[in-house]
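So you can see what is in the structure, the chains are spelled out below.
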Amino acid sequence: MIREARAAHAVRVHLRPATSSDLDLLERLLVEAFNWTGETRVTLAEVRTDPQHAHHLRGWRRSTDLGVVAEAPSGEPVGAAWARVVPVGEAGYGYVSEDVPELGMAVLSPYRGQGVGRALLDTCVDALRGAGRRAVSLSVEDGNETARRLYESRGFVRAGRVGGSDTLLLRL
Ligand SMILES: CC(C)(COP(=O)(O)OP(=O)(O)OC[C@H]1O[C@@H](n2cnc3c(N)ncnc32)[C@H](O)[C@@H]1OP(=O)(O)O)[C@@H](O)C(=O)NCCC(=O)NCCS
């Protein structure tokens, strides 16, 4: 899964598997994903401790967790995509079933719009397929057209609705 990805427009990033040492990074990126509007709606402390949010990454990396990190040539992490199987007791936004992992992703703001997200998504989906997964789901909030366009361009289709968000599903 380690490879170089030529981003669509400019930046060249190195993609590598996410490890247990990436928990802090993924937590920061999960905050970015929640706060995609630019407004601080969820804090790092809430991502770490609030039961409503903490289940997304608690105990990372479990044997069934899987993720990809994008690094700039300097080695600085600039984004990641990750997927986790969610038990029914923790079902929330993006949940479809216990055998469908949920995907989360974010790219740091200065690196957006340069193909990094697409490279991360494609690589994470390939890895899920390689791991024998039959489908992957995610939640996209109304108004997040950048993310929605990316997912729909990769074949995700609407499979449900929770609050102001659609649950999208990609069959692998
Ligand atoms: C969503 C996100 C991960 C996409 O990553 P990215 O690196 O910016 O995306 P890419 O540059 O690879 O672009 C992929 C596609 O996204 C869409 N896109 C990217 N930037 C866009 C913009 N400014 N306006 C509209 N669509 C855009 C396009 O469909 C694009 O495909 P194209 O290049 O063929 O036109 C990133 O914007 C991000 O981190 N956003 C904040 C966090 C977030 O919303 N996470 C997802 C929560 S569901």
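Scroll up to find the structure this text is about.
The structure presented is a predicted model; accordingly, all values stated were derived computationally and were not measured. (Residues numbered from 1 in each chain as written. Predicted model: local features only at pLDDT ≥ 70, side-chain atom pairs only at ≥ 80, totals over all residues. Heavy atoms only, no water.)

K.L.:
Requested: an account of the overall build of the protein, with residues and values cited.
P.N.:
Per the secondary structure count, the protein includes five helices and eight strands. Traced from its N-terminal end to its C-terminal end, the protein shows the element sequence β-β-α-α-α-β-β-β-α-β-α-β-β. In terms of overall size, the protein behaves like a compact globule, its C-alpha atoms giving a radius of gyration of 15 Å where 172 residues would be expected to give roughly 16 Å. Judged by the C-alpha coordinates and their principal axes, the protein covers about 40 × 35 × 35 Å. Looking at the 172 residues of the protein, the share that counts as buried comes to 47%. Sequence-distant contacts in the protein: of pairs separated by 6 or more residues, those separated by 24 or more amount to 58%. Summing over all exposed atoms, the protein offers an accessible surface of approximately 8500 Å²; the carbon and sulfur share of this is 49%. Separation between the mean location of the 22 positive side-chain charges and that of the 22 negative ones in the protein comes to 5 Å. (Helix = DSSP H or I, 4+ residues; strand = E, 2+ residues; numbered from the N terminus. Rg over C-alpha atoms; globule rule 2.2 N^0.38 Å. Buried < 20%, exposed > 50% of the residue type's maximum accessible area, 1.4 Å probe, protein only. Contact = heavy atoms within 4.5 Å. Areas by Shrake-Rupley, 256 points an atom, 1.4 Å probe, with all protein chains shown as cover. Lys, Arg positive; Asp, Glu negative; His and termini not counted. Charge placed at Lys NZ, Arg CZ, Asp CG, Glu CD.)

K.L.:
Now, about the pairing of strand β7 (residues 157–162): what can you tell me, with residues and values included?
P.N.:
Here β7 pairs with strand β8 (residues 165–171) via five bridges, running antiparallel. What sits directly across from Arg-158, in β8, is Leu-168. Between β7 and the antiparallel strand that follows it, β8, lie two residues; Gly-163 among them carries a positive phi value of about 55 degrees. (Pairing = 2+ DSSP bridges.)

K.L.:
How would you explain the environment of Leu-120 if you had to name every residue and give the values?
P.N.:
Here Leu-120 is to be found in helix α4 (residues 116–130). Here Leu-120 falls in the buried class, since its relative accessible area comes to 0%. Counting along the chain gives 33 residues from Leu-120 to Pro-87, while the straight-line C-alpha distance between them is 25 Å. Apart from residues no more than four positions distant in its own chain, Leu-120 is found in contact with Leu-15, Val-68, Val-69, Ala-70, Gly-79, Ala-80, Ala-81, Met-105, Ala-106 and Val-107.

K.L.:
How would you explain the site of the ligand if you had to name every residue and give the values?
P.N.:
Taken together, 21 residues lie around the ligand, and Val-107, Gly-115, Gly-117, Arg-118 and Asn-144 are the ones closest in. Between Arg-118 and the ligand, the recorded distance is 2.6 Å, taken from a side-chain N or O atom to an oxygen atom. Bound to the protein, the ligand loses 76% of the 920 Å² it would expose on its own. Sort the elements by how many residues they give to the shell around the ligand and helix α5 (residues 145–153) lands first, with five residues. Per-class residue counts for the shell around the ligand are nine nonpolar, eight polar and four charged. (Near = heavy atom within 4 Å. Polar contact = N/O pair within 3.5 Å; in protein donor to acceptor, adjacent residues only side chain to side chain. Nonpolar A, V, L, I, M, F, W, Y, C, P; charged D, E, K, R; others polar.)

K.L.:
Give a description of the side chain of Asp-65 that names residues and reports values.
P.N.:
Position of Asp-65 relative to the elements: it lies in the loop between α3 (51–54) and β3 (66–71). Polar contacts involving the side chain of Asp-65 include one to the main-chain amide nitrogen of Arg-62, which spans 2.7 Å. There is a polar contact of 2.8 Å between the side chain of Asp-65 and the side chain of Arg-84.

K.L.:
Provide a residue-level description of the pattern of salt bridges, including the pertinent values.
P.N.:
One pass over the full model with this rule turns up 16 salt bridges. In this structure, the salt-bridge partner of Glu-27 is Arg-48, at a minimum N-O distance of 2.7 Å. With Glu-27 in helix α1 (residues 23–34) and Arg-48 in helix α2 (residues 44–49), this pair connects stretches of sequence that are 21 residues apart. Look at Glu-27 and you get buried, because its relative accessible area is 8%. Here Asp-126 ties to Arg-129 by a salt bridge, and the two come within 3.2 Å at their closest N and O atoms. (Salt bridge = Lys/Arg side-chain N within 4 Å of Asp/Glu carboxyl O.)

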